[in-house]
Amino acid sequence: VRANAAWVIGNAVKNDPGFQLWAVEGVKSAVEEAEASALARLLGMLVEEAGSGGGSEPHLVDDRRRKAVYAITSATRNNDYVRGELLRAGGLEAL
């Protein structure tokens, strides 16, 4: 489900400056108390997946990571503001 959600985000924000800015807006989750942006959650997926040793099947982890990277790169495409937010959020280290 998370991989498909990342893929949908990637397609929604691709080449659309309005949706790209949405990716860095804080949104409160129904599950979590804290407010976080889509970009922060996608970066969290990358870090989480990198740290999950043998918990998941490797092909599923690869698929989630690939789609999270797709969504992140789609959000930053031709958008200096979102790129800056990615760097401030520790995106370079996560990638």
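Residues numbered from 1 in each chain as written. Predicted model: local features only at pLDDT ≥ 70, side-chain atom pairs only at ≥ 80, totals over all residues. Heavy atoms only, no water.

1. Observations concerning the overall build of the protein chain
To keep it simple, the criterion reads: The helix count covers DSSP runs of H or I at least four residues long, the strand count covers runs of E at least two residues long, and both are numbered beginning at the N terminus. Only protein chains enter the accessibility calculation, which uses a 1.4 Å probe; a residue is then buried when its area is under 20% of its type maximum, exposed when over 50%, and partly exposed in between. Contacts are residue-level and defined by heavy atoms, with any inter-residue pair within 4.5 Å sufficient. Methods summary: accessible areas were calculated by the Shrake-Rupley approach with a probe of 1.4 Å, and residue burial reflects only the protein chains presented.
Each helix and strand counted, the protein chain has 6 helices and 2 strands in total. Order of helices (α) and strands (β) in the protein chain, N terminus to C terminus: α-α-β-β-α-α-α-α. Scored against the burial criterion, the 95 residues of the protein chain give a buried share of 34%. Within the protein chain, contacts between residues at least 6 apart in sequence are counted, and of these 55% link residues at least 24 apart. Entry remark: accessible area of the protein chain is about 5,800 Å², with carbon and sulfur atoms responsible for 57%.

2. Some thoughts on unusual backbone geometry
The backbone of Asn-15 sits at a positive phi, close to 60 degrees, despite the residue not being glycine. Among the secondary structure elements, Asn-15 is positioned in the loop between helix H1 (2-13) and helix H2 (17-22). Of note in the backbone geometry, Asn-78 takes a positive phi value of approximately 55 degrees without being a glycine. Following the sequence through the fold, Asn-78 ends up in the loop between helix H4 (58-76) and helix H5 (80-88). Classification of Asn-78 by relative accessible area gives exposed; the value is 68%.

3. Overview of the pattern of salt bridges
Under the convention used in this document: For salt bridges, the criterion is a side-chain nitrogen of Lys or Arg within 4 Å of an Asp or Glu carboxyl oxygen.
As enumerated under the stated definition, the model contains 4 salt bridges in all. For Arg-66, the salt bridge goes to Asp-63, with nearest N and O atoms at 3.8 Å. Taken together, the positions of Arg-66 and Asp-63, both in helix H4 and 3 residues apart, correspond to about one turn of that helix. Here Arg-66 falls in the exposed class, since its relative accessible area comes to 52%. Owing to a relative accessible area of 22%, Asp-63 belongs among the partly exposed residues under this scheme. The partner of Arg-88 in a salt bridge is Glu-85, and the shortest N-O contact between them spans 2.8 Å.

4. A short note on the nonpolar core
We apply this condition: Buried Ala, Val, Leu, Ile, Met, Phe, Trp, Tyr and Cys residues that are joined via side-chain atoms within 4.5 Å together make up what is termed a nonpolar core.
The biggest cluster of nonpolar side chains holds 17 residues, and the ones touching the most others in it are Leu-42, Leu-43 and Ile-72. Taken together, the elements giving at least two residues each to this core come down to H1, helix H3 (38-51), H4 and H5. Ranked by residues supplied to this core, first place goes to H3 with 5 residues.

5. Things to note about H5
Basically, it comes down to this: In the analysis that follows, any N or O atom pair within 3.5 Å is treated as a polar contact, provided that within protein one partner can donate a hydrogen and the other can accept it, and provided that, for residues neighboring in sequence, both atoms belong to side chains.
Taken together, the buried positions of H5 are occupied by Val-82, Gly-84 and Leu-86. Its side-chain oxygen at 3.2 Å from the backbone nitrogen of Tyr-81, Asn-79 defines the N-terminal cap of H5. One or two steps after H5, the chain reaches Gly-90, where phi turns positive at roughly 85 degrees.

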